[in-house]
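# Observations on chain architecture
Chain by chain, the residues:
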Amino acid sequence: MLTEQLQTLIGVELWLASALVILFITLLVDQALRLVLRRIERWTHASSTPWDESLLRAARRPLQAMVWLVGLSLVARAVHARWPEHDWLGTVLLWRDIGFMVCVAWFLWKFIGEVTQTSIRRRTEAGEDFDLTTALALSKLLRLVVVVVTVMTAAHGLGFQIGGLLALGGVGGIAVGLAARDLLANFFGGLTIYLDRPFSVGDWIRSPDKSIEGTVEYISWRHTRIRAFNKNPIYVPNSVFTSIVVENPSRMSHRRLNEVIGLRYDDFAQVQAVCDDIRAYLQQHPAIDPTQTLIVNFTRFGASSLDIMVYAFTLTRAWVDYQTLKQELLLAMGRIVQRHGAQIALPTQTLHLATGAGEADPPLAHGC
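## Some words on helix α4 (residues 89–126)
Over its 38 residues, α4 extends 55 Å from the first C-alpha to the last, a length consistent with the 56 Å expected when each residue adds 1.5 Å. Where α4 is concerned, the buried positions are Leu 89, Leu 93, Arg 96, Ile 98, Gly 99, Cys 103, Ala 105, Ile 112, Gly 113, Thr 116, Thr 118 and Ile 120. Gly 127 lies just past α4 and shows a positive phi near 75°.

Laid out in structure tokens, this is it:
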């Protein structure tokens, strides 16, 4: 009797009125939530902690989605009260719970990404040293865990037997592994790179086994992008790195100076003095590491020169700076040779010419 009076008073059926009121309240709650989040956002801008901003940005959309999930589930209850003979409310509530799981996973996915980007940005601005590759790898791994846990939980909620799914995955894994052998090889190759870290983003690498040399720009689970020195991108499947030798010059401790200075045979008397002065010059140079091997010795009677080996290690590792330093060292060693009245040898040959039998050999002729 009360229901009929209310229907007569409002002019519509009670279930429809309830559904409309719930939708209206849901809309009001959504707008109120937007206002509250805006105010919190202003407060987070004034805060010195960046994590609250990451939390707010990650939670904004999932919270709004959860509000509408609650509102629509209440609407479903109101509609079900009109037709209780139809048993579909349980299914709606089940999908509502799965929607909640998805919203939580959505929040965690975004929060992990926001925290990762914020950490990278803060450390970059502060000039701190950090491993970008490891940070991105941990972010991807945590997101993968979120997805797997959400899918397994949702499957259990829908009535699937998780043990059966795992057994099915074990049986079907062989077929999938054969069909996606290269994909799995690249995945485990990427996992090896993340764990062993033979190189990181920003490193200069090269391989004597392959025509690969350049700067690492990006490492994914399938391939690694390398920017060659001619600025062309090189996309290398991760599985390649498990079977080739990779050099990482970016992690060198020193750069090696390995030169040979050839003096003329006419300057034999000056060889010892030239070696001593070059050695003394390198020992006092601030860019030469005195704790490493330093050799300046006369090593060979060459075909047209007296060869002096200069072997040392510089503290400079940057390639461009090393070339400038090498020029400085070579010019200084050339001046030392000149100061002793010696000269750098040119390729020469000595010819003995015979004019006839029994005649003395003419003077030696030298030619370049």
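Alright, that's what it looks like, and here's the rest.
## Some details on the pairing of strand β2 (residues 212–219)
Here four bridges tie strand β1 (residues 204–207) to β2, and the two strands are oriented antiparallel to one another. Along β2, the bridge assignment pairs Ile 205 with Gly 214. Once β1 ends, the chain turns through four residues before running back antiparallel as β2. In the sheet, β2 pairs with strand β3 (residues 223–227) via four bridges, with the strands oriented antiparallel. Of the residues in β3, the one forming a bridge with Thr 215 is Arg 227. Counting the residues that bridge the hairpin from β2 to β3 gives three residues.

## Side note on the sheet that holds β1
Note: strands within a sheet are paired through backbone hydrogen bonds, in either parallel or antiparallel orientation. Strand order in the open sheet formed by four strands is β1-β2-β3-β4, with antiparallel pairing between adjacent strands. One side of each edge strand has no neighbouring strand; the edge strands of this open sheet are β1 and β4 (233–237). Between one strand axis and the next, the sheet turns by 45° as a mean value, whatever way the strands run.

## A word on the packing of helix α8 (residues 271–284) against helix α9 (residues 319–339)
Packing of α8 against α9 leaves a shortest axis separation of 10 Å and a crossing angle of 145°. As α8 runs across α9, the sense of the crossing is right-handed. On the side of α8, the interface is formed by Val 274, Asp 277, Ile 278, Tyr 281 and Leu 282, while α9 contributes Glu 328, Leu 329, Ala 332, Met 333, Ile 336, Val 337 and Arg 339. Residues that form the contact of α8 with α9 fall into these classes: nine nonpolar, no polar and three charged.

## Re α9
Helix length check: α9 (21 residues) gives 30 Å between terminal C-alpha atoms against 30 Å at 1.5 Å per residue, within 8%. Restricting attention to buried positions, one finds in α9 the residues Tyr 322, Leu 325, Leu 329, Ala 332, Met 333, Ile 336 and Val 337. The buried residues of α9 all sit within an arc of 145° when viewed along its axis, so they share a single face. For α9, exposure combined with an orientation more than 90 degrees from the buried face picks out Val 320, Thr 324, Gln 327 and Gln 338.

## Let's talk about the nonpolar core
A general feature of soluble globular proteins is that nonpolar side chains tend to end up buried together. Counting 24 residues, the largest nonpolar core has Leu 263, Ile 278, Leu 282, Ile 308, Val 310 and Leu 329 as its most contacted members. Among the secondary structure elements, those contributing two or more residues to this core are β5 (255–263), α8, β7 (306–314) and α9. Ile 308 has contacts with Glu 259, Val 260, Ile 261, Leu 263, Val 271, Val 274, Cys 275, Val 296, Asn 297 and Phe 298, leaving out every residue within four places of it along the chain.

## Considering the packing of aromatic side chains
The final tally for this structure, using the stated rule, is seven aromatic pairs. Look at Trp 204 and Phe 229: their rings are 5.7 Å apart centre to centre, the planes differ by 70°, and that puts the pair in the edge-to-face class. Pair noted here: Trp 204 is in strand β1 and Phe 229 is in the loop between β3 and β4, with a separation of 25 residues, a long-range link. By the ring-pair criterion, three or more aromatic residues cluster together here, those being Tyr 265, Phe 268, Phe 298 and Phe 301.

## A word on the pattern of salt bridges
On inspection of all chains with the given rule, the structure shows 13 salt bridges. Arg 34 is paired through a salt bridge with Asp 30; the nearest N and O atoms lie 3.1 Å apart. In this pair, Arg 34 and Asp 30 both sit in helix α2 (residues 14–46), four residues apart, roughly one turn of the helix. Since its relative accessible area comes to 4%, Asp 30 is described here as buried. One salt bridge in this structure joins Arg 251 and Asp 203, with 3.4 Å as the shortest N-O distance. Here Arg 251, found in the loop between β4 and β5, pairs with Asp 203, found in the loop between α7 (181–196) and β1; they are 48 residues apart in sequence, far enough to count as distant.

## Digging into the side chain of Asn 238
Among the structural elements, Asn 238 can be located in the loop between β4 and β5. With residues up to four places along the chain from it excluded, the contact list for Asn 238 reads Asn 186, Gly 189, Gly 190, Ile 193, Ser 220, Trp 221, Arg 222, His 223 and Thr 224.

Procedures and definitions
Residues numbered from 1 in each chain as written. Predicted model: local features only at pLDDT ≥ 70, side-chain atom pairs only at ≥ 80, totals over all residues. Heavy atoms only, no water. Helix = DSSP H or I, 4+ residues; strand = E, 2+ residues; numbered from the N terminus. Expected span 1.5 Å × (residues − 1). Buried < 20%, exposed > 50% of the residue type's maximum accessible area, 1.4 Å probe, protein only. Pairing = 2+ DSSP bridges. Axes fitted to C-alpha atoms, helices over the stretch in contact; angles between N-to-C directions. Left-handed = near helix turned anticlockwise from the far one by under 90°. Contact = heavy atoms within 4.5 Å. Nonpolar A, V, L, I, M, F, W, Y, C, P; charged D, E, K, R; others polar. Arc of directions from axis to C-beta. Core = buried A, V, L, I, M, F, W, Y, C linked by side-chain atoms within 4.5 Å. Phe/Tyr/Trp six-rings, centres within 6.5 Å; stacked < 30°, edge-to-face > 60°. Salt bridge = Lys/Arg side-chain N within 4 Å of Asp/Glu carboxyl O.

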